[in-house]
Amino acid sequence: MRPCWTLSREVVLMYPACEHIDMLRILVVHGPNLNLLGTREQSIYGTLSLEALDSAITKLAKELAVEVTQCQSNSEGELVTWIQKARTRYDGIIINPAAYTHTSIAIRDAIAAVGLPTVEVHLSNIHQREEFRHRSYIAGVALGQIAGFGPTGYLLALRGLHDHLATGRRQEKTPTLVTPRRRAKGTRPLRSRLKDRIQSEGSIE
Ligand code: DQA
C-alpha cells in the first residue's frame, strides 16, 4: 500500500482514508475473578463468558471505528502497570476493577496519574448490594460509572467514551488535533505535520 505522504497534497489533506491514523484507541481492563464470568455466581453476573463479552465489545468497536484492546488480571500490580502503560498508547480506559473497586487506592492513583478519561463499569448494581460494595475508590477519578446493566454496561461505556473522545477531537480539530495520547507522546498529528512540511517545502512528493 502507498503510504499517505506520497499522495498529492490535495488528496492527503482531503482524503478520509488517512483518518485511520487518528483512530481512537481504548483499553478495556477486567479485574479479578472476571475470568470466571459465565460460571461465577450466575444469578448476579449472568451466563455470558468473558470471551463472549469481549467479542461483543470488539463488534461494537468496529462499528464505531474504535480500536480496542482487552485484558484481564487477578493481580492488582498488573492492573496498575497496564493503566500506567496506557498513557502513551490509548486515548481512554474502560475498567471493571471488580473487588479492587472497593479496596485499591493504587488503581485509583494510577488512573489519576495517567489522566486518561476512564469509565468505571460494574455488571451488578454495586449500590444495591452489601454495604462494603457501595464505596468505590475509582469513581472519584472516573469520567463516569455504569453499574447494574450486566454486559450491556460495557457497550454503554464504549459508546459514552467514544462520544466523549470524539467530541473532544472535533473541538481540537481546528487548528490542531491533539488527543490525550498524542499530548502524552508529545507528537503532533500527521495532517498538521504534513501542512507544515507543505508550507516549508512547497510539496510533499
Ligand atoms: C463487580 C462488583 C464487585 O463488587 C465485585 O467484587 C466483582 C464484580 C461487578 O461487575 O458487578 O467482582 O465489579
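Structure: above.
This section reports on the structure supplied with the text.

Definitions and limits used
Residues numbered from 1 in each chain as written. Predicted model: local features only at pLDDT ≥ 70, side-chain atom pairs only at ≥ 80, totals over all residues. Heavy atoms only, no water. Helix = DSSP H or I, 4+ residues; strand = E, 2+ residues; numbered from the N terminus. Expected span 1.5 Å × (residues − 1). Buried < 20%, exposed > 50% of the residue type's maximum accessible area, 1.4 Å probe, protein only. Arc of directions from axis to C-beta. Contact = heavy atoms within 4.5 Å. Polar contact = N/O pair within 3.5 Å; in protein donor to acceptor, adjacent residues only side chain to side chain. Near = heavy atom within 4 Å. Areas by Shrake-Rupley, 256 points an atom, 1.4 Å probe, with all protein chains shown as cover. Core = buried A, V, L, I, M, F, W, Y, C linked by side-chain atoms within 4.5 Å. Axes fitted to C-alpha atoms, helices over the stretch in contact; angles between N-to-C directions. Parallel < 35°, antiparallel > 145°, perpendicular 65-115°, else oblique. Nonpolar A, V, L, I, M, F, W, Y, C, P; charged D, E, K, R; others polar. Salt bridge = Lys/Arg side-chain N within 4 Å of Asp/Glu carboxyl O.

## Focus on helix H3 (residues 50–64)
The first and last C-alpha atoms of H3 sit 21 Å apart over 15 residues, in line with the 21 Å expected at 1.5 Å per residue. For H3, the set of buried residues is Leu-50, Leu-53, Asp-54, Ile-57, Leu-60, Ala-61 and Leu-64. For H3, the angular spread of the buried residues around the axis is 125 degrees, confining them to a single face. With respect to the buried face of H3, the exposed residues turned more than 90 degrees away are Glu-51, Lys-59, Lys-62 and Glu-63. Just downstream of H3 lies Ala-65, where phi reads positive at about 60 degrees.

## Some thoughts on helix H5 (residues 105–114)
For H5, the set of buried residues is Ile-107, Ala-110, Ile-111 and Val-114. Taken around the axis of H5, the buried residues stretch over an arc of 95 degrees, which confines them to a single face. On its buried face, H5 is in contact with helix H4 (76–86), strand E3 (92–96) and strand E4 (118–122). Looking at where H5 begins, the residue whose side-chain oxygen comes 3.4 Å from the main-chain nitrogen of Ala-106 is Ser-104. Backbone geometry just after H5 places Gly-115 at a positive phi near 70 degrees.

## Quick notes on the site of the ligand
Within the structure, the ligand sits among Arg-40, Tyr-45, Asn-96, Ala-98, Ala-99, His-102, His-122, Leu-123, Ser-124, Ile-126, Arg-129 and Arg-133. Between the ligand and Asn-96 there is a distance of 2.8 Å, counted from an oxygen atom to a side-chain nitrogen or oxygen. Arg-133 has a polar side-chain atom sitting 2.9 Å from an oxygen atom of the ligand. Bound to the protein, the ligand loses 99% of the 320 Å² it would expose on its own.

## Looking at the side chain of His-102
Along the chain, the position of His-102 falls in the loop between E3 and H5. Assessed through its relative accessible area of 11%, His-102 is described here as buried. Among the polar contacts made by the side chain of His-102, one reaches the main-chain carbonyl oxygen of Arg-135 at a distance of 3.0 Å.

## Re the nonpolar core
Core analysis: the biggest nonpolar cluster contains 25 residues, and Ile-26, Val-66, Val-68, Ile-94, Tyr-154 and Leu-158 have the highest contact counts within it. If you list the elements that add at least two residues to this core, you get strand E1 (24–30), H3, strand E2 (66–72), E4 and helix H6 (152–173). Per-element accounting of this core gives the leading share, 6 residues, to H3. Apart from the residues lying within four places of it in its own chain, the contact partners of Tyr-154 are Val-28, His-30, Leu-34, Leu-53, Ile-57, Ile-94, Asn-96, Val-121 and Leu-123. If you look at the next biggest cluster of nonpolar residues, it comprises 17 residues, including Leu-27, Val-29, Leu-79 and Leu-116.

## Some thoughts on unusual backbone geometry
In the Ramachandran plot, Glu-41 falls in the positive-phi region, its phi being about 30 degrees despite a non-glycine side chain. Secondary-structure assignment places Glu-41 in the loop between E1 and helix H2 (42–45). Given the relative accessible area of 43%, Glu-41 is considered partly exposed. For Ala-65, which is not a glycine, the phi torsion comes out positive at approximately 60 degrees.

## Description of the packing of H4 against H5
With their axes 9 Å apart at the nearest point, H4 and H5 run at an angle of 5 degrees to one another. Taken together, the axis directions place H4 and H5 in an arrangement best described as roughly parallel. Note on element contacts: H5 touches H4 through Ala-106, Ile-107, Ala-110, Ile-111 and Val-114, opposite Glu-76, Leu-79, Val-80, Ile-83 and Gln-84. Partitioning the contact of H4 with H5 into residue classes produces 8 nonpolar, 1 polar and 1 charged.

## Details of the pattern of salt bridges
Following the criterion strictly, the structure yields 5 salt bridges and no others. Between Lys-59 and Glu-63 there is a salt bridge whose closest N-O contact spans 4.0 Å. With a gap of 4 residues between them, Lys-59 and Glu-63 both fall in helix H3, about one helical turn apart. One exposure class covers both Lys-59 and Glu-63, and it is exposed. For Glu-130, the salt bridge goes to Arg-129, with nearest N and O atoms at 3.8 Å. Beyond isolated ion pairs, a larger network of salt bridges with shared partners links Arg-129, Glu-130 and Arg-133.

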